[in-house]
Amino acid sequence: MRKILYTLSEIRKNQLRDLGANDKAVAEIGEKFTWIDRQIDGIGVQRSNERLAEVMTSADFTYAIQEFVQRKALPGYQRKRFNFEPLVMMDTVPNFLPVTRYQNRCGVDDLEFVGEKGQARPGSVQDGTKKQWQVWRWEKQYDFSYEALKNDDIGYFEDVASKMGESARRTLEKYVSRFYTNATTIARLVALGALYSTTGRLTTARVSTARMAYNQRTDVCSEPINAELVYIVGHSGLKDTAMQILNSTQVAELATNAVNVVSFTWIEDPYITGTAPNLPWYAFTGEQSGIVPYVLARLQGMPGPMIVRKRSDIEAVTSMLGAGRPVDPILGDFDSGNVVLKVMDVWGTHVDGTNGNMVDERGSYYSSGTAP
Amino acid sequence: MPDGFYSGTDWQQSSGPYLNRYWELADLWPQGLGGEIDGGNKDVMAAGLHPVLAVGARANRPENLTGVVVNYEGTSRVLLNHANGMVVRQYVANITGYNETTGAADAWATNADAGQPVYVDDSGPLTAGVTLSLSDTNESGSNNPLAGFIIYCQDDYDDSDFGGADQAGGGLPIDGLSSTGTEEFLACVYLSPDTGFAT
């Protein structure tokens, strides 16, 4: 402010000089602006009997300078994302009732030799494999007082809505992760034997073993199917191991010059738990094989999470029976001033007492990662 | 164990119901310096603390209204929720009985199960941040007002049938509590602030 006044004063002085004013008139400008300055400042000309009433220093503004002026919210952490989409078949269901899906997991019979004038024997068609899944609601609600929201002068709650959306995605990611990390699914894969599970840590050779296991997959009629290992999904601590395996030209664990023929797409699942070096990993097939290892069902018309707020039941009026008008949502509800938010989403999957969440075990391969 | 009343932002384990009423801080017990029946200190009420407390003269016990502190601004006024069915997370002591001569706890539950009654207990053996126990009497042999019943917390339910996170299910019963000494545990309490039971 003082700088502005000084600048104005100098401008006016120059103007007067340009107009040819004498030195006395120019000097008066300085005095007049000094007077304005003092009036704004509240400090008059000191008289001999006046005492300085108050001197304020930085130390007097502990809160204003150290807390208030310098207080601000920093951006939160960046969340790690789990890109699970390639691992599941997305399905949409019309309502909350279980839906039924049938899959023909077999061809028809082989042909047979028929002799001259012979008649072909009748063939048979395999019954369909029936699987069911349904969706459920997943929600969380948050209740903020008017005071808390109003007192939030640093915008701490401003990103709560986006955090709620993130939490919905995170919950869904954990949900998908549990498709294959739940105890029932793991027990089933282990029980199916060496073509479906191992205990070894992630190495080039073990990826090959998993690939060979996939190569031996058969359909319900024991006919070979084109089940290909496409994805390796693992604990976050295995990322470098996976990258080394992918980028090595030779098999890293072998002293010989064996060429590394392993290829896969690495997907990091941050929700797989484990303690190094015993880190679990999984091998999954891709959708081109026709195998549906897992399904993520969503409700028709609800492709993603929704954040909703309880509508305020108050309106502003100027007379008891006059027309009301809407008020700022921060005022909350009539009784308590609460602002209530809810994040909601709808999803589901196949749940089975034996297979866990596996729709088809042929698309999964599990390793506990415990054996060196 | 806890010297301060429960203050976590997850103290509310149900979204309602609410039946809020203001009381003067002096009406509430056990809280504050000298808040225990034997003159011992409880935690001093402060903003952000949410203990379950009893209302009114201790001489009325067990017929005292109970409720959970919803809001306290540091003044003499305290807002309590008295709604039947509100679920709150609280510290609870595993004490089930006292030696009335010595005032020491002499019986303890080794587990706390769903539906188990929980009382507002102003006895000395409870640490400063704990107002609830499993004992229907205090160290002086006076009846404790009923606060509510142990119930599952939000994340205690087995939701594996829906592909949910809790595969093992059941945070209840809370097992492994000491059979020979006082131990405090976090539990969810279904508030049922009736006036206890007449003697």
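Report on the accompanying structure. (Residues numbered from 1 in each chain as written. Chains lettered and ligands numbered in written order. Predicted model: local features only at pLDDT ≥ 70, side-chain atom pairs only at ≥ 80, totals over all residues. Heavy atoms only, no water.)

1. So, the interface of chain A and chain B
Turning to step 1, where the next piece is worked out: Taken together, the contacts link eight residues of chain A with nine residues of chain B.
Turning to step 2, where the next piece is worked out: When chain A packs against chain B, the two sides together hide about 770 Å² of surface, and 52% of this comes from carbon and sulfur.
Turning to step 3, where the next piece is worked out: Ranking the residues of chain A by area buried against chain B places Trp136, Arg178 and Val351 of chain A at the top, with a combined share of 44%.
Turning to step 4, where the next piece is worked out: Contributions of two or more residues to the side of chain A that touches chain B are made by strand S4 (136–145) and helix H5 (160–181) of chain A.
Turning to step 5, where the next piece is worked out: It is S4 of chain A that contributes the most residues to the side of chain A that touches chain B, four residues altogether.
Turning to step 6, where the next piece is worked out: Counted by class, the side of chain A that touches chain B contains four nonpolar, two polar and two charged residues. (Contact = heavy atoms within 4.5 Å. Buried area = accessible area lost by both parts, 1.4 Å probe. Helix = DSSP H or I, 4+ residues; strand = E, 2+ residues; numbered from the N terminus. Nonpolar A, V, L, I, M, F, W, Y, C, P; charged D, E, K, R; others polar.)

2. Section: the state of the cysteines
Residue and element names in this part refer to chain A.
Turning to step 1, where the next piece is worked out: All told, the structure shown has two disulfides over all chains when counted by the stated rule.
Turning to step 2, where the next piece is worked out: There is a disulfide in this structure between Cys106 and Cys221, and the S-S distance comes to 1.3 Å. Linking Cys106 and Cys221, the disulfide has an S-S dihedral of approximately -115° and is accordingly described as left-handed. Linking Cys106 in the loop between strand S2 (99–103) and strand S3 (129–133) with Cys221 in the loop between helix H7 (204–215) and strand S6 (229–234), this pair joins segments that are 115 residues apart in sequence.
Turning to step 3, where the next piece is worked out: Judged by relative accessible area, Cys106 falls into the buried class, the value being 10%. (Disulfide = S-S within 2.5 Å. Buried < 20%, exposed > 50% of the residue type's maximum accessible area, 1.4 Å probe, protein only.)

3. Some details on the packing of aromatic side chains
Residue and element names in this part refer to chain A.
Turning to step 1, where the next piece is worked out: Applying the stated criterion across every chain, the model contains 18 aromatic pairs over all chains.
Turning to step 2, where the next piece is worked out: Here Tyr175 and Phe179 contribute two aromatic rings whose centre-to-centre distance is 5.4 Å and whose plane-to-plane angle is 70°, an arrangement assigned as edge-to-face. On the criterion of helical spacing, the pair formed by Tyr175 and Phe179 is a turn pair, its members being four residues apart in helix H5.
Turning to step 3, where the next piece is worked out: Note on Tyr175: relative accessible area 1%, which makes it buried. (Phe/Tyr/Trp six-rings, centres within 6.5 Å; stacked < 30°, edge-to-face > 60°.)

4. Some details on the sheet that holds strand S6 (residues 87–93) of chain B
Residues and elements named next belong to chain B.
Turning to step 1, where the next piece is worked out: One closed barrel accounts for five strands, arranged S6-S10-S9-S11-S12; its pairing is mixed.
Turning to step 2, where the next piece is worked out: Across seven bridges, S6 lies against strand S12 (residues 184–191) in antiparallel orientation. The residue of S12 that forms the bridge with Arg89 is Cys188. (Pairing = 2+ DSSP bridges.)

5. Thoughts on the sheet that holds strand S4 (residues 66–72) of chain B
Within a sheet, neighbouring strands are paired by backbone hydrogen bonds and run either parallel or antiparallel to one another.
All names here are of chain B.
Turning to step 1, where the next piece is worked out: Spatially, S1-S5-S4-S3-S2 is the arrangement adopted by the five strands of the open sheet, whose pairing is antiparallel. Looking along the sheet, the strands with just one partner apiece sit at the ends: strand S1 (20–24) and strand S2 (28–29).
Turning to step 2, where the next piece is worked out: Sheet topology places S2 next to strand S3 (residues 52–55); two bridges connect them, and they run antiparallel. Counted as the bridge partner of Trp29 is Ala54 from S3.

6. Considerations on the pairing of strand S7 (residues 95–98) of chain B
Residue and element names in this part refer to chain B.
Turning to step 1, where the next piece is worked out: When S7 meets strand S8 (residues 105–108), the two strands line up antiparallel, connected through three bridges. Bridge pairing links Gly97 to Ala107 in S8.
Turning to step 2, where the next piece is worked out: Remark: six residues form the turn of the hairpin made by S7 and S8, two consecutive strands paired antiparallel; Gly103 in that turn has positive phi of roughly 80°.

7. Things to note about the pattern of salt bridges
Residue and element names in this part refer to chain A.
Turning to step 1, where the next piece is worked out: Enumeration over the complete set of coordinates arrives at 18 salt bridges over all chains.
Turning to step 2, where the next piece is worked out: Salt-bridge contacts for Arg169 lead to Glu173; the nearest nitrogen and oxygen are separated by 2.7 Å. Note that Arg169 and Glu173 are positioned in helix H5 at a spacing of four residues, about one turn of the helix. An identical accessibility class is assigned to Arg169 and Glu173; each is buried.
Turning to step 3, where the next piece is worked out: A salt bridge links Asp360 to Arg362; the shortest N-O distance between them is 3.0 Å. Across the pair, exposure class does not vary: Asp360 and Arg362 are buried alike.
Turning to step 4, where the next piece is worked out: Salt bridges here are not isolated pairs; linked through shared partners, they connect Arg79, Glu85, Arg169 and Glu173. (Salt bridge = Lys/Arg side-chain N within 4 Å of Asp/Glu carboxyl O.)

Everything listed is a geometric property; what it means functionally is a separate question.
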